[in-house]
Amino acid sequence: AQKVTQAQTEISVVEKEDVTLDCVYETRDTTYYLFWYKQPPSGELVFLIRRNSFDEQNEISGRYSWNFQKSTSSFNFTITASQVVDSAVYFCVATGGSYIPTFGRGTSLIVHP
Amino acid sequence: GAGVSQSPSNKVTEKGKDVELRCDPISGHTALYWYRQSLGQGLEFLIYFQGNSAPDKSGLPSDRFSAERTGGSVSTLTIQRTQQEDSAVYLCASSLDQGAGTEAFFGQGTRLTVV
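Heads up: these notes are all about the structure in this document. (Residues numbered from 1 in each chain as written. Chains lettered and ligands numbered in written order. Predicted model: local features only at pLDDT ≥ 70, side-chain atom pairs only at ≥ 80, totals over all residues. Heavy atoms only, no water.)

### A short note on the overall build of chain A
Keep this limit in mind: For helices the rule is a DSSP run of H or I covering at least 4 residues; for strands it is a run of E covering at least 2, with both sets numbered from the N terminus onward. With C-alpha atoms as the basis for the radius of gyration, the globule rule is written as 2.2 Å multiplied by the number of residues raised to the power 0.38. Only protein chains enter the accessibility calculation, which uses a 1.4 Å probe; a residue whose area is less than 20% of its type maximum is buried, one above 50% is exposed, and one in between is partly exposed. Should any heavy atoms of two residues lie within 4.5 Å, those residues are counted as being in contact.
From N to C terminus, chain A includes 0 helices and 12 strands. For chain A, the α and β elements follow one another from N to C terminus as β-β-β-β-β-β-β-β-β-β-β-β. The C-alpha radius of gyration of chain A comes to 14 Å, within 12% of the 13 Å expected for a compact globule of 113 residues. Its C-alpha atoms give chain A principal-axis dimensions of roughly 45 × 25 × 20 Å. Residues classed as buried in chain A amount to 44% of the 113 residues present. Partitioning the contacts of chain A with sequence separation of at least 6, the portion at a separation of at least 24 is 54%.

### Structural notes on the interface of chain B and chain A
Quick reminder of the rule: As used here, buried area is the combined drop in accessible area, with a 1.4 Å probe, of two parts when they are placed together. One speaks of a salt bridge when a side-chain nitrogen belonging to Lys or Arg is within 4 Å of a carboxyl oxygen belonging to Asp or Glu. Identification of polar contacts relies on pairs of N or O atoms within 3.5 Å, with a donor-acceptor requirement for protein atoms, meaning one able to donate a hydrogen and the other able to accept it, and with residues adjacent in sequence counted only if both atoms are side-chain atoms.
The interface is formed by 20 residues belonging to chain B together with 19 residues belonging to chain A. Across the chain B to chain A interface the summed buried area is about 1700 Å²; carbon plus sulfur atoms make up 57%. Taken as a group, A100(B), E103(B) and F106(B) account for 31% of the area that chain B buries against chain A, more than any other trio of residues on that side. For the interface between chain B and chain A, the tally reads 1 salt bridge. Residues E103(B) and R50(A) are paired through a salt bridge, measuring 2.4 Å at the closest nitrogen-oxygen approach. Counting the contacts that link chain B with chain A gives 7 residue pairs in polar contact (both at pLDDT 80 or more).

### Here's the deal with the environment of S94(B)
All names here are of chain B. Tracing the sequence through the fold places S94 in strand β8 (residues 88-95). Linking S94 and N10, residues 84 residues apart in sequence, is a C-alpha distance of 20 Å. Contacts of S94, omitting those with residues within four sequence positions, involve V4, P25, I26, H29, A31, L32, E103, A104 and F105. One polar contact links S94 to H29, side chain to side chain, over a distance of 2.7 Å.

### Here we look at the pattern of salt bridges
Residue and element names in this part refer to chain B. All chains considered together, the criterion is met by 8 salt bridges over all chains. A salt bridge links D24 to R22; the shortest N-O distance between them is 2.8 Å. Exposure remark for D24: the relative accessible area of 24% places this residue in the partly exposed category. With a relative accessible area of 38%, R22 lands in the partly exposed category. Measuring nitrogen to oxygen at the nearest pair gives 3.0 Å for the salt bridge that ties E44 to R36.

### A few points about the packing of aromatic side chains
Applied cut-off: Between rings of Phe, Tyr and Trp, where Trp is taken as its six-membered ring, a pair exists when centres lie within 6.5 Å; planes separated by under 30 degrees are stacked, by over 60 edge-to-face, and by other angles tilted.
Under the counting rule described, the total for this entry stands at 20 aromatic pairs over all chains. Note on Y37(A) and F103(A): the rings are 5.9 Å apart at their centroids and 40° apart in plane angle, and the pair reads as tilted. In this pair, Y37(A) sits in strand β5 (residues 33-39) while F103(A) sits in strand β11 (residues 102-103), placing the two residues 66 residues apart along the sequence. An identical accessibility class is assigned to Y37(A) and F103(A); each is buried. For the pair F103(A) and Y35(B), a centre-to-centre distance of 5.2 Å together with 70° between the ring planes defines the contact as edge-to-face. Taken together, the positions of F103(A) in strand β11 and Y35(B) in strand β4 (residues 31-37) put the pair across two chains. Here F103(A) and Y35(B) have matching classes, each one buried. Taken together, the aromatic side chains of F35(A), Y37(A), F47(A), F91(A), F103(A), Y33(B), Y35(B), F45(B), Y48(B) and F106(B) make up a single cluster linked through ring pairs.

### Here we look at the sheet that holds strand β6 (residues 65-69) of chain B
Residue and element names in this part refer to chain B. Using the following cut-off: When DSSP finds at least two bridges between two strands, those strands are taken to pair. To get an axis, a line is fitted to the C-alpha atoms, and for a helix only the part in contact is used. The angle between two axes follows their N-to-C directions and goes from 0 to 180 degrees.
Here 4 strands make up an open sheet; going across it, the order is β1-β3-β7-β6 and the pairing antiparallel. Each edge of the open sheet is held by one strand with a lone partner, namely β1 (5-7) and β6. Each strand of the sheet is rotated relative to its neighbour by a mean of 15°, with strand direction disregarded. Pairing of β6 with strand β7 (residues 75-79) involves 5 bridges; the strand directions are antiparallel. Counterpart to A67 in the pairing with β7 is L77.

### Considerations on unusual backbone geometry
At the junction of S7(B) and P8(B), the peptide bond is cis and its omega measures out at -10° in the coordinates. Locating P8(B) in the fold gives a position in the loop between β1 and β2 (10-13). If you check the backbone angles, K16(A) has positive phi at about 85° while not being a glycine. Along the chain, K16(A) turns up in the loop between β2 (10-14) and β3 (19-21). Positive phi is not limited to glycine here, since Y99(A) has a value of about 65°. By secondary structure assignment, the location of Y99(A) is in the loop between β10 (88-95) and β11.

Next comes the structure, spelled out in structure tokens:
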């Protein structure tokens, strides 16, 4: 089984600020996957990114970037130049041998204009 | 449809009544999950279906909860003798392949309120 900890319950920033959402995971599986999902106010969860346990290459996609570090069991997510539309709850998720995604409690990001 | 469809979108029921929540997964998706999301909480896993395999029911909180999936497609989550603590948003998700790395696609959920 996996455990995912998102210590930040809520983050409030002003538009154009950079913001990093933290995620720490625990697993006994040697092969596992990490995900980030976004849940906007409309409620529907949207997949953002996936990483497997053998791929520590960090990724940048537009204003989004992800930093996966196995040494610290972390999979942090950064939004550069935040926008009001980024306001949402962000979930870090881990999946291992059971194939059942385990969700963190989520971080609510509020971007003020 | 193109996405995961859940019905009803909202359900208000009296304590003690039974409710059925429906999920239509994306066509061709073999894996189907039910989760529960209480206010301000993360997603709590309930049950997982994969193809014709026996479902993983390890997340069901009590024997009042059950789910079935007919023909490998539509799924129904049933809550018997509802209690106020059952009030939550019930989310359904489906994914294409068995495998830990496959992303799940979520429906918009059914908001259940037990009064």
